[in-house]
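Residue-level structural notes
The primary structure of each chain is shown beneath.
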Amino acid sequence: MRWTAAALLLALLVSTAAAFTQPQIPPNLLAAWRDVQAWARQNTPVDATFITPPYYYGFRVESERPVVGEWKDGTQQYFSVPFTAAWWQRMQDLHAANASDTRYNDLSAAEVAALAQKYQASFAVFFIDTDLPFPVVYRNPWFRIYQVIPGSGS
């Protein structure tokens, strides 16, 4: 009985600590994330592929558009060994070594262009403070959508 109580107490302490160490996401950031997805759904061809921050997830849900990859896609690796290798390559290409790795934001214009060519991605989504030399086709207070392959729709 004491071991069970100790284990439950330890689990409670760990989960409480984890809750307090998670970054707090401003509500307007989530609205802006949904907003860029809605813009993509309404203004791009259904087969337009997007390069998105791999540590954010759900872009393909509201946008109904494919993405190069999201960290959470890795959960599918349990079902397919070939998928695991392809997913991990995409995460490396997006500079995502783990679920909270934000080095994606530091991709250079040349790296973004190379990713667009490699994965046939027409658009890239970055936080508003990332300035890239591609045409901006949409922006809101948090994000910019760049058209990285000219003439790819919109």
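Just so it is clear, the model here is predicted, and its values are computed rather than measured.

Quick notes on the pairing of strand β4 (residues 143-147)
- Burial analysis of β4 places five of its five residues in the buried class, which makes it a mostly covered element.
- Side chains Phe-143, Ile-145 and Gln-147 of β4 all project onto a buried face; the interleaved residues Arg-144 and Tyr-146 project onto the opposite face, where all are buried too.
- Examined bridge by bridge, strand β2 (residues 121-127) and β4 share five bridges and lie antiparallel to one another. Considered in β4, the bridge of Phe-123 is made with Gln-147.
- As paired strands, strand β3 (residues 136-139) and β4 are joined by three bridges and run antiparallel to one another. Its bridge partner lying in β4, Val-136 is registered against Tyr-146.
- Turn length for the β3-β4 hairpin, with the two strands adjacent in sequence and antiparallel, is three residues.

Quick word on the packing of helix α4 (residues 81-93) against helix α5 (residues 109-119)
- Here α4 crosses α5 at 155°, and the two axes come no closer than 11 Å. Our classification of the angle between α4 and α5 gives roughly antiparallel. Note on element contacts: α5 touches α4 through Leu-115, Lys-118 and Tyr-119, opposite Gln-89, Arg-90 and Asp-93.
- Among the residues making up the contact of α4 with α5, the classes are represented as two nonpolar, one polar and three charged.

Topic: the sheet that holds strand β1 (residues 49-51)
- Within the open sheet, the four strands sit side by side as β1-β2-β4-β3. Their pairing is mixed. At either margin of the open sheet sits one strand with a lone partner, and together these are β1 and β3. Pairwise comparison of adjacent strand axes, ignoring direction, gives a mean angle of 25° for this sheet.
- Running over the sheet, helix α2 (residues 27-43) touches β1, β2, β3 and β4 and is turned about 25° from β4.

Reading the values: the criteria
Residues numbered from 1 in each chain as written. Predicted model: local features only at pLDDT ≥ 70, side-chain atom pairs only at ≥ 80, totals over all residues. Heavy atoms only, no water. Buried < 20%, exposed > 50% of the residue type's maximum accessible area, 1.4 Å probe, protein only. Helix = DSSP H or I, 4+ residues; strand = E, 2+ residues; numbered from the N terminus. Pairing = 2+ DSSP bridges. Axes fitted to C-alpha atoms, helices over the stretch in contact; angles between N-to-C directions. Parallel < 35°, antiparallel > 145°, perpendicular 65-115°, else oblique. Contact = heavy atoms within 4.5 Å. Nonpolar A, V, L, I, M, F, W, Y, C, P; charged D, E, K, R; others polar.

In short, shape yes, function no, at least from these values alone.
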